[in-house]
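The residues making up each chain are set out below.
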Amino acid sequence: MIKEVCEVTIVHDDVVSGVQKMLPDLGGMVQIFKALADETRLKIAYSLTLEEEMCVCDVAAVIGSSVATASHHLRYLRDQSLAKSRKKGKMVYYSLTDNHVHQLVRIAFEHTTEGDKHGDC
């Protein structure tokens, strides 16, 4: 069994300095992961990887909520630049903003199911 901490403290200053210089502002990434950390919003985002575009009513039915609740979550995803909307007549349709969001959600799903296949989670 591997211990969870180093047995001695040795800081590799060159490694630490190099990484610190390359670290960007992570605020935008934090917002993306916060938005997807909510199970309902993640369910919506995953649904939009299965169906390219869905109206608010269909999203509400998928997540088992009111249209108002679905609309609230969809607006949040839109405000975080993860989803976009378009109005067609009296209907509002949502889709994921771009392929990056689609890939992020799909990769997260594949990662979680990968552990099940290999028996290590």
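This text goes with the structure placed above it.
Residues numbered from 1 in each chain as written. Predicted model: local features only at pLDDT ≥ 70, side-chain atom pairs only at ≥ 80, totals over all residues. Heavy atoms only, no water.

A. Inspection of unusual backbone geometry at higher detail. Its identity is not glycine, yet Ser-81 carries a phi of approximately 65°, on the positive side. Its place among the elements puts Ser-81 in the loop between helix H5 (67-79) and strand S2 (83-88). (Helix = DSSP H or I, 4+ residues; strand = E, 2+ residues; numbered from the N terminus.)

B. Spotlight on the pattern of salt bridges. Applying the stated criterion across every chain yields a total of two salt bridges. Linking Arg-86 and Glu-53 is a salt bridge whose minimum nitrogen-to-oxygen distance equals 2.7 Å. Pair noted here: Arg-86 is in strand S2 and Glu-53 is in the loop between helix H3 (39-50) and strand S1 (54-55), with a separation of 33 residues, a long-range link. Assessed through its relative accessible area of 36%, Arg-86 is described here as partly exposed. Owing to a relative accessible area of 29%, Glu-53 belongs among the partly exposed residues under this scheme. Between Arg-78 and Asp-79 there is a salt bridge whose closest N-O contact spans 3.8 Å. (Salt bridge = Lys/Arg side-chain N within 4 Å of Asp/Glu carboxyl O. Buried < 20%, exposed > 50% of the residue type's maximum accessible area, 1.4 Å probe, protein only.)

C. Fine view of the packing of aromatic side chains. Taken as a whole, this structure holds one aromatic pair when the rule is applied. The interplanar angle of 50° and the centroid separation of 5.1 Å between the aromatic rings of Tyr-46 and Phe-109 together place this pair among those described as tilted. One end of the pair, Tyr-46, is in helix H3; the other, Phe-109, is in helix H6 (residues 99-118), with 63 residues separating them in the sequence. The cationic tip of Arg-41 hangs over the ring face of Tyr-76; the distance from NZ or CZ to the ring centre is 4.1 Å. (Phe/Tyr/Trp six-rings, centres within 6.5 Å; stacked < 30°, edge-to-face > 60°. Lys NZ or Arg CZ within 6 Å of the ring centre and 35° of its normal.)

D. Examining the nonpolar core more closely. Among the nonpolar cores identified, the biggest contains 19 residues, and Leu-36, Ile-44, Val-59, Ala-70, Leu-74, Leu-77 and Leu-82 are the most heavily contacted of them. Those elements giving two or more residues to this core turn out to be helix H2 (27-36), H3, helix H4 (56-63), H5, strand S3 (91-96) and H6. Ranked by residues supplied to this core, first place goes to H4 with four residues. If near-sequence neighbours (up to four positions away) are discounted, Val-59 is found in contact with Ile-44, Met-54, Ala-70 and Leu-74. (Core = buried A, V, L, I, M, F, W, Y, C linked by side-chain atoms within 4.5 Å. Contact = heavy atoms within 4.5 Å.)

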